[in-house]
2 protein chains.
Amino acid sequence: MYPSITKHIRDHIHTTAPAIHLFNSVLNEISVKKGAFLLKPGTFVKHEYFVVKGCLKAYYIDNKGHRHIIQFAVENWWIGDFDAFYNQGSSNIYIEAIEDAQLLSINYNSLQKIYAEAPVFERYFRILITSAFIAQRKRILSAQEKNTQERYLEFCNSYPNIEDRVPNYDIANYLGVTPENLSRVRKKLNLS
Amino acid sequence: MYPSITKHIRDHIHTTAPAIHLFNSVLNEISVKKGAFLLKPGTFVKHEYFVVKGCLKAYYIDNKGHRHIIQFAVENWWIGDFDAFYNQGSSNIYIEAIEDAQLLSINYNSLQKIYAEAPVFERYFRILITSAFIAQRKRILSAQEKNTQERYLEFCNSYPNIEDRVPNYDIANYLGVTPENLSRVRKKLNLS
DNA sequence: TATCCTAATTGATTTAGGTCAATACCATTG
DNA sequence: CAATGGTATTGACCTAAATCAATTAGGATA
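Residues numbered from 1 in each chain as written. Chains lettered and ligands numbered in written order. Predicted model: local features only at pLDDT ≥ 70, side-chain atom pairs only at ≥ 80, totals over all residues. Heavy atoms only, no water.

Caption draft 1: Just the packing of helix 1 (residues 3–12) of chain B against helix 5 (residues 120–145) of chain B, in detail. Residue and element names in this part refer to chain B. Axis separation between helix 1 and helix 5 bottoms out at 10 Å; the angle between their running directions is 85°. With respect to each other, helix 1 and helix 5 are oriented roughly perpendicular. Where helix 1 abuts helix 5, its residues His8, Ile9 and His12 lie against Phe121, Tyr124, Ile127 and Leu128. Across the contact of helix 1 with helix 5, the residue classes tally to five nonpolar, two polar and no charged. (Axes fitted to C-alpha atoms, helices over the stretch in contact; angles between N-to-C directions. Helix = DSSP H or I, 4+ residues; strand = E, 2+ residues; numbered from the N terminus. Parallel < 35°, antiparallel > 145°, perpendicular 65-115°, else oblique. Contact = heavy atoms within 4.5 Å. Nonpolar A, V, L, I, M, F, W, Y, C, P; charged D, E, K, R; others polar.)

The following block contains the structure:
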């Protein structure tokens, strides 16, 4: 039994001890050193990951050769190549540890088995995805209605734990601006 | 029994006739005239809507007074204020018919009842939200890596049915650019 | 057909942010 | 402590798109 994920489940759904036990029983522990990769493009995606400790980033390289950060993840976040996992295909993305990280992995087939035996976990993931969906929509609208400074402040506000664990050039990348621009914004914020 | 939504369900999950019957039994038919509103800010959100016929847009006004289109919906799309529905709160958005529209509505409590009686519908909505989540992520990345012309072409490609049913200024708004800019892009595309 | 009215286009100008290049910072390691 | 390598900052310049303003096009209605 892994306390962090057990708490996370209990925070989102009401369920029975045996169901939680079943869920825990299919998880595997994984460690990733800072700078190492949990996933690279081309790999067939069999797992999703729950972060027990540490910080990671998910990104991909577009066909102009530019890197785009899709997501950061810290403690109690799920991370993975959602698209490839869900459609059972090969990954297009990198997932790299920004700090030494401990993770729990769940296998696709195990998850299908759990959905069959304990359908309440359909609800668990439906709820998580719904929250992620709503958060993501906010990211789209934020990019449209706000300038760099406003978005940076919003980012620091939304992810207070992440801000000082991630280099500025990664934050800039996530916000879709250049590190130079973010640097200027930060300078202006210090003065005012 | 409503054939379009029944087909939509069957296209996404395997389930029994009674379950589908149950689902159909809680739906209500709604009509909205072109230019009329299905939802306005401040309304408590009790329903999500499935489009049987017609075309609608969902948008909101930010605190600078600017309008932002969140989503278009045509036949066989679900639309609503997902955030407010899911958290059972008041809406922040407008949903307006671009063409006369026929919809099916599902009530929040009915949906909870269905989740309890036919948990396979947790799966149905989990799958829909997962697809929407992935599509939305593409929208974020597309906005970061592509210029207006590329995004416009992508839009026409992804929504071939929508493109000529929606005014250009709405498309521009959805893409997060001005109508003037989109007009110039379109002109350049006609020449080349 | 004339008259609205809205949408689309075009032109002139401004601006936020990008690009390129140089320099400063700072933690690690030999 | 010096040297190294990654990160952040600063400066000069450029560009895509926004803004503001005017004009044109195209449907609907009387």
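Caption draft 2: A look at the protein's contact with DNA strand C. Around DNA strand C lies a shell of 15 residues, among which Thr178 and Glu180 of chain A together with Tyr169, Arg184 and Lys187 of chain B are the nearest. Here DNA strand C approaches the protein such that, of its atoms within 4 Å, sugar and phosphate make up 62%. Interatomic distance of 3.1 Å between a side-chain N/O atom of Asn181 of chain A and a phosphate oxygen of DNA strand C. A distance of 2.4 Å is found between a phosphate oxygen of DNA strand C and a side-chain nitrogen or oxygen belonging to Tyr169 of chain B. (Near = heavy atom within 4 Å. Polar contact = N/O pair within 3.5 Å; in protein donor to acceptor, adjacent residues only side chain to side chain.)

Caption draft 3: Looking closely at the state of the cysteines. Residue and element names in this part refer to chain A. What the rule picks out here adds up to zero disulfides over all chains. The cysteine Cys156 is free of any disulfide, with Cys55 supplying the nearest cysteine sulfur at 14 Å. Look at Cys156 and you get buried, because its relative accessible area is 17%. (Disulfide = S-S within 2.5 Å. Buried < 20%, exposed > 50% of the residue type's maximum accessible area, 1.4 Å probe, protein only.)

Caption draft 4: Geometry of the protein's contact with DNA strand D. Close to DNA strand D lie 16 residues, the nearest being Asn168, Tyr169, Arg184 and Lys187 of chain A together with Thr178 of chain B. Backbone atoms, meaning sugar and phosphate, make up 65% of the atoms of DNA strand D lying within 4 Å of the protein. In this structure, a phosphate oxygen belonging to DNA strand D sits 3.1 Å away from a main-chain N or O atom of Asn168 of chain A. Of all elements in the fold, only helix 7 (168–175) and helix 8 (179–191) of chain A together with helix 8 (179–191) of chain B reach the threshold of two or more residues within the surface near DNA strand D. Per element, the largest residue contribution to the surface near DNA strand D is five residues, and it comes from helix 8 of chain A. Of the residues that constitute the surface near DNA strand D, the class distribution is three nonpolar, seven polar and six charged.

Caption draft 5: Representation of the side chain of His8 of chain A in the model. Residues and elements named next belong to chain A. Mapped onto the fold, His8 is located in helix 1 (residues 3–12). A relative accessible area of 12% places His8 in the buried class. Excluding residues within four positions of it along the chain, His8 makes contact with Phe50, Asn76, Trp78, Tyr124 and Leu128.

It is worth stressing that arrangement in space is one thing and function is another; only the former is reported here.
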